Amino acid sequence: MQLIQETADLSAYLAADEAIDHHHPLVRETAAKLAEGVVDSYEYARAAFEFVRDAIPHSQDSGDPRVTWRASDVLKQGTGICYAKAHALAALLRVEDIPTALCYQKLEVVHGLVAVRFNGAWHRQDPRGNKPGVDARFSLEGERLAFMPDAKSNELDYPVLYAEPHPVVLGVLKAAPDRPYLWKTLPTAL
């Protein structure tokens, strides 16, 4: 699949916004800890990915009812669904000047992930969190995502690389008082 940048301006994929708040002290502090001892941006990106994937449980898997959507809140509360975890990873990567896009898949509901830009190309990464049947890995050598869409079930990869969270996604996150409510309102398409 050919990934399509929403904007040609690469600096948009380094910007902070209300969800990807990489100017927040907690995001900067977390990034600094992750950067200790790494030798290059590729190694840092892998460390940030593994931190978000492994240290921040997916709230559905852990049974946590809280809904987070802002990167700093995901780090502070230590929980989030796929979209929130993608926002946290994007913030941790962007604060270290690694261009990062938000991207989505249409599965049963819309699933969120990120794409990082290395060596002139975009590489999708899925920090959702592993569990039985899900084995996502950081890779620039071919995708190792949590899910592969099933075309027979009308599932698909959206090719657009967004600089900011999709408004539909951000809207449902911000409107949800808790995860059970959120689960009833998750978007089924973009």
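Rules behind the numbers
Residues numbered from 1 in each chain as written. Predicted model: local features only at pLDDT ≥ 70, side-chain atom pairs only at ≥ 80, totals over all residues. Heavy atoms only, no water. Helix = DSSP H or I, 4+ residues; strand = E, 2+ residues; numbered from the N terminus. Rg over C-alpha atoms; globule rule 2.2 N^0.38 Å. Pairing = 2+ DSSP bridges. Salt bridge = Lys/Arg side-chain N within 4 Å of Asp/Glu carboxyl O. Buried < 20%, exposed > 50% of the residue type's maximum accessible area, 1.4 Å probe, protein only. Lys, Arg positive; Asp, Glu negative; His and termini not counted. Polar contact = N/O pair within 3.5 Å; in protein donor to acceptor, adjacent residues only side chain to side chain. Contact = heavy atoms within 4.5 Å. Axes fitted to C-alpha atoms, helices over the stretch in contact; angles between N-to-C directions. Parallel < 35°, antiparallel > 145°, perpendicular 65-115°, else oblique. Left-handed = near helix turned anticlockwise from the far one by under 90°. Nonpolar A, V, L, I, M, F, W, Y, C, P; charged D, E, K, R; others polar.

Student: I'd love a proper account of the overall build of the protein chain, names of residues and values included.
Tutor: Broken down by element type, the protein chain carries 7 helices and 6 strands. Listing every helix and strand of the protein chain by position from the N terminus yields β-α-α-α-α-α-β-β-β-β-β-α-α. Against the 2.2 N^0.38 benchmark of 16 Å for 190 residues, the protein chain shows a C-alpha radius of gyration of 15 Å, consistent with a compact globule. In terms of its C-alpha atoms, the protein chain occupies a principal-axis envelope of roughly 40 × 35 × 35 Å.

Student: Describe the sheet that holds strand β5 (residues 156–157), naming the residues involved and giving the relevant values.
Tutor: Strand order in this open sheet of 4 strands is β4-β3-β2-β5, and the pairing throughout is antiparallel. Among the strands making up the open sheet, the edge pair consists of β4 (121–125) and β5. Here 5 bridges tie strand β3 (residues 110–118) to β4, and the two strands are oriented antiparallel to one another. When the sheet's bridge partners are listed, Phe118 is paired in β4 with Ala121.

Student: Could you give an account of the pattern of salt bridges, with specific residues and numbers?
Tutor: A side chain with one charge may pair with a side chain of the opposite charge, provided their charged atoms come close. A complete count under the given rule lists 11 salt bridges for this structure. Here Glu143 and Arg124 are joined by a salt bridge, their closest N and O atoms 2.6 Å apart. Residue Glu143 is located in the loop between β4 and β5, and its partner Arg124 is located in strand β4; the two are separated by 19 residues in the primary sequence. Given the relative accessible area of 37%, Glu143 is considered partly exposed. Look at Arg124 and you get buried, because its relative accessible area is 2%. Residue Asp135 is joined to Arg137 by a salt bridge in which the shortest nitrogen-to-oxygen separation is 2.9 Å. Through salt bridges with shared partners, one network takes in Asp61, Arg128 and Lys131.

Student: Describe in detail the side chain of Asp17, supporting the description with residues and values.
Tutor: Looking at where Asp17 falls in the secondary structure, it is placed in the loop between β1 (4–5) and α1 (25–35). An unpaired buried charge is present at Asp17: no salt bridge exists, and Arg94, the closest side chain of opposite charge, is 4.6 Å distant. Looking at Asp17, its side chain comes within polar contact range of the main-chain nitrogen of Ile20, at 2.7 Å. Contact partners of Asp17, with chain neighbours within four places excluded, come to His23, Ala163, Glu164 and Pro165.

Student: I'd love a proper account of the packing of α1 against helix α2 (residues 41–55), names of residues and values included.
Tutor: Relative to each other, α1 and α2 sit at 120°, their axes nearing to 9 Å. With respect to α2, the axis of α1 lies oblique. As for how α1 packs across α2, the hand of that crossing is right-handed. In contact with Thr30, Ala31, Leu34 and Ala35 of α1, α2 contributes Tyr44, Ala47, Ala48 and Phe51. Residues belonging to the contact of α1 with α2 are distributed by class as follows: 7 nonpolar, 1 polar and no charged.

Student: Can you break down the side chain of His87 residue by residue, with the values?
Tutor: Positionally, His87 belongs in helix α5 (residues 82–94). Sequence-distant contacts of His87, that is, excluding residues within four places in its chain, are made with Ala19, Ile20, Trp69, Ala71, Leu102, Pro165, Leu170 and Leu173.

Student: Please provide a residue-by-residue account of the pairing of strand β2 (residues 100–106), values included.
Tutor: Taken across its 7 residues, β2 has 6 buried, putting it largely inside the fold. Where β2 and β3 come together, 7 bridges link them in antiparallel fashion. The partner of Cys103 across the bridge, within β3, is Leu113. As consecutive antiparallel partners, β2 and β3 are separated by 3 residues. For β2 and β5, the ladder comprises 2 bridges, and the chain directions are antiparallel. Across the sheet, residue Lys106 finds its bridge partner in β5, namely Leu156.

Student: I'd like to hear about the environment of Arg46, residue by residue, with values.
Tutor: Within the fold, Arg46 resides in helix α2. On the basis of relative accessible area, Arg46 is assigned to the partly exposed category, the value being 29%. In the structure, Arg46 is positioned 12 residues away from His58 in sequence and 19 Å away in space, judged by C-alpha atoms.

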